[in-house]
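Close look at the chain arrangement
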Amino acid sequence: SVANTLAYLLKVELLSITTFDFWHQVTDLPILVFAGKGGVYFSEKDDSKGELINLTDLDKVLKQRNINTYFGDISPEQKEQIEAKFEDQDFSFAQGIKSALVKVDSQSVLKKDQIVTPFYIKKPSITKSNKPLCFT
């Protein structure tokens, strides 16, 4: 919302990138991202959509795909449940964006947008409140 508002007010173009595309600019390793305590989002190189994997199935999936090392943002508790090795990557946000900008003309890693929209792998689980909206 902030980016959309600023772009509108300043009359500038937006460039967007998914989390997976961003991290794949700085590493060739598969990416795991926290998706609540029961699962992780998973993406391999050139897979910007990613997929949701149940934490109890993750080791099996990684073994089937011959993945021994990964990178990403999962909880310490989740890391303990995975046999594959977490490899820390030494990079900054600026390095990732610079890498994406260099490739924008040739590979269209950054998407030109008028409005940035949320990127969902699973639908948000928002529940409607049973409380009355106004009191009399």
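Residues numbered from 1 in each chain as written. Predicted model: local features only at pLDDT ≥ 70, side-chain atom pairs only at ≥ 80, totals over all residues. Heavy atoms only, no water.

**Considering the packing of aromatic side chains**
For the structure shown, the criterion picks out three aromatic pairs. When the centroid spacing of 5.5 Å and the interplanar angle of 70° are considered together, the rings of Trp23 and Phe71 count as edge-to-face. Taken together, the residues span a long stretch of sequence, with Trp23 in helix α2 (residues 19-24) and Phe71 in strand β5 (residues 69-73) at a distance of 48 residues. When the ring of Phe71 is compared with that of Phe86, the centres are 6.1 Å apart and the planes differ by 20°; the resulting orientation is stacked. Residue Phe71 is found in strand β5, and its partner Phe86 is found in strand β6 (residues 85-86); the two are separated by 15 residues along the sequence. An aromatic cluster is built from Trp23, Tyr70, Phe71 and Phe86, whose rings are joined through pairwise contacts. (Phe/Tyr/Trp six-rings, centres within 6.5 Å; stacked < 30°, edge-to-face > 60°. Helix = DSSP H or I, 4+ residues; strand = E, 2+ residues; numbered from the N terminus.)

**Describing the pairing of strand β3 (residues 39-43)**
Most of β3 is tucked away: five of the five residues are buried. The sheet contact formed by strand β2 (residues 31-34) and β3 spans four bridges and is antiparallel. Pairing of Phe34 across the sheet is with Val40, part of β3. Once β2 ends, the chain turns through four residues before running back antiparallel as β3, passing Gly36 with a positive phi of about 90°. Pairing geometry for β3 and strand β4 (residues 51-54), over four bridges, is antiparallel. When the bridges of β4 are listed, Tyr41 appears paired with Leu52. (Buried < 20%, exposed > 50% of the residue type's maximum accessible area, 1.4 Å probe, protein only. Pairing = 2+ DSSP bridges.)

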